[in-house]
Amino acid sequence: MNTTVLGRRARISTAAAVAAGAVLLAGCSSGDGDKASTANGVPVVKAGQLTTCTHLPYPPFQSEVNGKVDGFDVALVDLVAKDLGVKQEIVDTPFENFKTGAFLNSGQCDLAAAGMTITDERKKNVDFSEPYFDATQAVLADKKAGVASLADLKSKGKKLGSQAQTTGEEYARGKGFDPISFESSDAVLNGLRTGQVDAVVIDYPVVQGWLKDKANSGAFEIVDNLDTGEQYGFTVKKGNTKLLAAVDKALADAKADGTYKKLYEQWIGPYTPGGTSGASPSAS
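Thresholds, definitions, all that
- Residues numbered from 1 in each chain as written.
- Predicted model: local features only at pLDDT ≥ 70, side-chain atom pairs only at ≥ 80, totals over all residues.
- Heavy atoms only, no water.
- Phe/Tyr/Trp six-rings, centres within 6.5 Å; stacked < 30°, edge-to-face > 60°.
- Helix = DSSP H or I, 4+ residues; strand = E, 2+ residues; numbered from the N terminus.
- Buried < 20%, exposed > 50% of the residue type's maximum accessible area, 1.4 Å probe, protein only.
- Salt bridge = Lys/Arg side-chain N within 4 Å of Asp/Glu carboxyl O.
- Disulfide = S-S within 2.5 Å.
- Pairing = 2+ DSSP bridges.
- Core = buried A, V, L, I, M, F, W, Y, C linked by side-chain atoms within 4.5 Å.
- Contact = heavy atoms within 4.5 Å.
- Arc of directions from axis to C-beta.
- Axes fitted to C-alpha atoms, helices over the stretch in contact; angles between N-to-C directions.
- Parallel < 35°, antiparallel > 145°, perpendicular 65-115°, else oblique.
- Left-handed = near helix turned anticlockwise from the far one by under 90°.

Chemist: I keep staring at the packing of aromatic side chains and nothing clicks. Help me out?
Modeler: Pairs of aromatic rings are described using the distance from one ring centre to the other and the angle between the two planes. Applying the stated criterion to the full structure yields 16 aromatic pairs. On the numbers, 6.0 Å between centres and 40° between planes, the contact of Y260 with Y264 is tilted. Taken as a pair, Y260 and Y264 lie in helix α12 (residues 259–267) at a separation of four residues, close to a single helical turn. Here Y260 matches Y264 in class, with each residue buried. Geometrically, the ring pair formed by Y260 and Y271 is edge-to-face, given 5.7 Å between the ring centres and 70° between the ring planes. With a gap of 11 residues between them, Y260 in helix α12 and Y271 in strand β16 (residues 271–272) connect regions that are remote in the sequence. On the basis of relative accessible area, Y271 is assigned to the partly exposed category, the value being 23%.

Chemist: I would appreciate a short explanation of the pattern of salt bridges in the present structure.
Modeler: Should their charged atoms come close, side chains of opposite charge can pair. The final tally for this structure, using the stated rule, is eight salt bridges. In this structure, E121 engages K124 in a salt bridge whose closest nitrogen and oxygen atoms are separated by 3.1 Å. The residues E121 and K124 share a single accessibility class, namely exposed.

Chemist: What is the right way to read the state of the cysteines from this model?
Modeler: A covalent bond between the sulfur atoms of two cysteines is referred to as a disulfide. Tallying each qualifying case throughout the model produces one disulfide. Disulfide partner of C53: C109, at an S-S distance of 2.0 Å. Judged by the sign of its S-S torsion, about 65°, the cystine formed by C53 and C109 is right-handed. Here C109 lies in the loop between α4 (102–105) and β8 (111–112) and C53 lies in strand β4 (residues 49–54), a separation of 56 residues in the sequence. Note on C53: relative accessible area 2%, which makes it buried.

Chemist: Please explain the pairing of strand β13 (residues 199–203) as it appears in this structure.
Modeler: Regular strands place their side chains on alternate faces of the sheet. For β13, the tally of buried residues reaches five of five residues, placing the bulk of the element in the interior. As paired strands, strand β10 (residues 133–142) and β13 are joined by five bridges and run antiparallel to one another. Across the sheet, Q137 pairs through a bridge with D203, a residue of β13. Bridge analysis of strand β11 (residues 160–163) against β13 gives three bridges, and the strand direction is parallel. Of the residues in β13, the one forming a bridge with G161 is V200.

Chemist: Would you mind going over the nonpolar core with me for this structure?
Modeler: The nonpolar side chains of a soluble globular protein tend to be buried, and buried together. Ranked by internal contacts, the top residues of the largest apolar core, which has 47 residues, are L50, F72, L84, F133 and W210. In contact with W210, not counting residues within four places along its chain, are L140, S185, V188, L189, V200, I202 and N216. Among the nonpolar cores identified, the runner-up in size contains 13 residues, and V139, A141, L160 and A199 belong to it.

Chemist: When you look at α12 in this model, what are you seeing that I'm missing?
Modeler: Residues spaced three or four apart along an α-helix face the same direction, because each turn holds 3.6 residues. Within the sequence span of α12, burial applies to Y260, L263 and Y264. Each buried residue of α12 sits inside an arc of 105° when the element is viewed along its axis, so together they form one side. Residues of α12 that are exposed and point over 90 degrees away from its buried face: K262 and Q266.

Chemist: Honestly, the packing of helix α2 (residues 72–84) against helix α11 (residues 241–257) in this entry has me stumped. Any pointers?
Modeler: In helix packing, the relevant descriptors are the interaxial angle and the interaxial distance, both defined with respect to the helix axes. Put simply, α2 and α11 touch, their axes get as near as 9 Å, and they point 115° apart. Here α2 lies roughly perpendicular to α11, going by the angle between them. Here the hand of the crossing between α2 and α11 comes out right-handed. Contacts between α2 and α11 pair L76, L79, V80, D83 and L84 from the former with L243, A246, V247, A250, L251 and A254 from the latter.

Chemist: Is there a simple way to think about the environment of I180 in this case?
Modeler: Relative to the helices and strands, I180 resides in strand β12 (residues 180–182). A C-alpha to C-alpha distance of 9.0 Å links I180 and E169, two positions 11 residues apart in sequence. When neighbours within four sequence positions are excluded, I180 is seen to be in contact with K159, L160, G161, S162, Q196 and V197.

Chemist: Mind showing me how you'd approach the packing of α2 against α12 here?
Modeler: Across the interface, α2 lies against α12 with an axial gap of 9 Å and an inter-helix angle of 155°. Judged on the interaxial angle alone, α12 and α2 are roughly antiparallel. α12 is crossed by α2, and the crossing has right-handed handedness. Side by side, α2 and α12 meet where F72, A75, L76 and L79 of the first sit next to T259, Y260, L263, Y264 and W267 of the second.

Chemist: Looking at this model, I keep getting lost on the sheet that holds β13. Mind explaining?
Modeler: Two pairing modes exist for strands in a sheet, parallel and antiparallel, and in both the strands are linked by backbone hydrogen bonds. Taken in spatial order, the five strands make up an open sheet running β12-β11-β13-β10-β14, and their pairing is mixed. In this open sheet, the two strands that pair with only one neighbour each are β12 and β14 (220–232). Each strand of the sheet is rotated relative to its neighbour by a mean of 25°, with strand direction disregarded.

Here it is, written out as structure tokens:
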């Protein structure tokens, strides 16, 4: 399945246009949804496509290279789109909106896929799919920092960084840290590279991807792996039962026919039943 991707400028323009359209529709629509588009019986916000909100970059779950977005989340949602007989189109949006369901409620997107951890707090605003990924987090530190664990960072007064609005950041705060927040995973890594922080806490697969670069593996090392018992899920607007059922069916079918395992090993690493990588698993 080929995924249609909006360029960064186009995504911004589209977001503004959709927001304006949502205001207009709110003023003139009867709210009965009788003119809504459908794909194989499932309501979609735009005819002929499954519109996915994500937050870029977040490799290996979603990242943009030469105008095309790929990743584990992207590949899984492509399966949903295929079942519905449409193509997936991706819209880049701020991560904080995933917690509130803002872009789902405004009709900008059908679903959200952003390596997002399922939490009771988030369930108040959105409906989650069945879990598709078991998650842990890693602490990546500058080798020159002289630390061997998260606790070591605290005792030595080292600076910790995290991605804003993530459970990794919440975990760090719960452990008594006041981490420096960065808007994206790229910004997190740049903060570590430039010495703004001595270490960062972020999803293990993200760290694993960074360390494939020799420059990164030469300068940084994993000093702690945090098993937080978290799981990722895709989200839909609350009450969108038909789309939620379609997402869950696509995930179940992929696990049953081996597609999930194939995609996991392509994007994440060695697969073992339960959805964790052989080396160590991930969270956001």
